Amino acid sequence: MTANQQKTLKTSGSMDKFDKAIINALKKNARRSISDVAAEVSLSRSAVSDRIKKLEQNGVIRGYQLLLSESQKEAVSAYFEIQHKCPRCSDVVHVFHAIPEVVTCHGISGDMDLLVFVKTPSMRRLHEIREYIDTHTEIVKIKTHVVMSEWINNQ
C-alpha cells in the first residue's frame, strides 16, 4: 500500500480530533475563512485547507447551504400534531411517506401521537396536504401550527 493510499484510508475510515474540530467550526459558520478555522483548531491554513478538501472528497462534507429565517422565505412551514387510532404509529406513517413536503415525522408523548414538519411552496399547498391527511380514517385529530418566525435553529 502506498503512502497516498494509507492517507486516503485514514481520512475515509475515521476522523481524528482535528477533522472533528474543523467540522464543528464549520457547523457554527460555514463561511468562516480558512485562517479563522486554522486559528481555532491550532493547525496551519494549508493543513486545514487540505483536510477540508479531503472531507469533501470523501463525502463527509457534502456541501454548504444558505438557510433563510422563516420571515424571509416565500414558502410556508408548518407542524402538524396528529392523533390516530392505530395500534402503533408505524401503522399510519405510510400516510406521511406519500407527501413529498414532509421533512420529519416523529412519534411523541402526550395526547397527540405524531409531530410532522412540512415545508410547502404555498399556503394553498399546505391546505391541500391538510385535506389529504383528513381523508384518512385512521387519523382522529389534526392540529396545524404554521411557523411564523424562527429564533433558534442549531441544525
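See above for the structure.
Source: prediction; values computed, not measured.

Draft legend 1. Broad picture of the packing of aromatic side chains. Counting across every chain of the model gives 1 aromatic pair. With 4.6 Å between their ring centres and 35° between their planes, Y79 and F117 make a pair best called tilted. One end of the pair, Y79, is in strand 1 (residues 76–84); the other, F117, is in strand 3 (residues 114–120), with 38 residues separating them in the sequence. Note on F117: relative accessible area 11%, which makes it buried.

Draft legend 2. Broad picture of the packing of helix 3 (residues 34–41) against helix 4 (residues 45–57). Contact pair helix 3 / helix 4: the axes reach a minimum separation of 8 Å and the direction vectors enclose 105°. One way to sum up the angle between helix 3 and helix 4 is to call them roughly perpendicular. Only R45, V48, S49 and I52 of helix 4 make contact with helix 3, whose side of the interface consists of I34, S35, V37, A38 and V41. The class makeup of the residues in the contact of helix 3 with helix 4 is 6 nonpolar, 2 polar and 1 charged.

Draft legend 3. Representation of the side chain of E81. In this fold, E81 is placed in strand 1. Within polar-contact distance, the side chain of E81 engages the side chain of H145 at 2.5 Å. Setting aside its immediate chain neighbours within four residues, E81 contacts M112, L114, L115, K141, I142, K143 and H145.

Draft legend 4. Region of the structure containing helix 3. Within helix 3, burial applies to V37, A38 and V41. Buried positions in helix 3, seen along its axis, are confined to an arc of 100° and lie on one side of it. The inward-facing, buried residues of helix 3 contact helix 2 (17–28) and helix 4. Following helix 3 by one or two positions, S42 has its phi on the positive side, about 60°.

Definitions and cut-offs
- Counting restarts for each chain, with residues numbered from 1 along the sequence as it is written.
- Reporting in this predicted model follows two pLDDT cut-offs: at least 70 for local features of residues, and 80 or more for side-chain atom pairs to be given and counted; totals over whole chains, interfaces and linings ignore these cut-offs and use all residues.
- By convention in this description, side-chain values take in all heavy atoms of the structure and omit both hydrogens and water.
- Under the pairing criterion, centres of Phe, Tyr and Trp rings, with the six-membered ring standing for Trp, must be within 6.5 Å; the plane angle then separates stacked pairs below 30 degrees from edge-to-face pairs above 60, leaving the rest tilted.
- Helix and strand assignments follow DSSP, with helices taken as H or I runs no shorter than four residues and strands as E runs no shorter than two, numbered in order from the N terminus.
- Residue exposure (1.4 Å probe, protein chains only): buried if accessible area is under 20% of the type maximum, exposed if over 50%, otherwise partly exposed.
- To define axes, lines are fitted to C-alpha atoms, for helices over the stretch in contact only, and angles between the resulting N-to-C directions are given on a 0 to 180 degree scale.
- Note that the term roughly parallel is reserved for angles under 35 degrees, roughly antiparallel for angles over 145, roughly perpendicular for angles of 65 to 115, and oblique for everything else.
- Whether two residues are in contact is decided by their heavy atoms, any of which lying within 4.5 Å being enough.
- Gly falls in the polar group here, along with every residue not listed as nonpolar (Ala, Val, Leu, Ile, Met, Phe, Trp, Tyr, Cys, Pro) or charged (Asp, Glu, Lys, Arg).
- Polar contact is the term for a pair of N or O atoms within 3.5 Å; when the atoms are in protein, one must be able to donate a hydrogen and the other to accept it, and sequence-neighboring residues count only if both atoms are side-chain atoms.
- What the arc covers is the set of directions going from the helix axis to the C-beta atoms.

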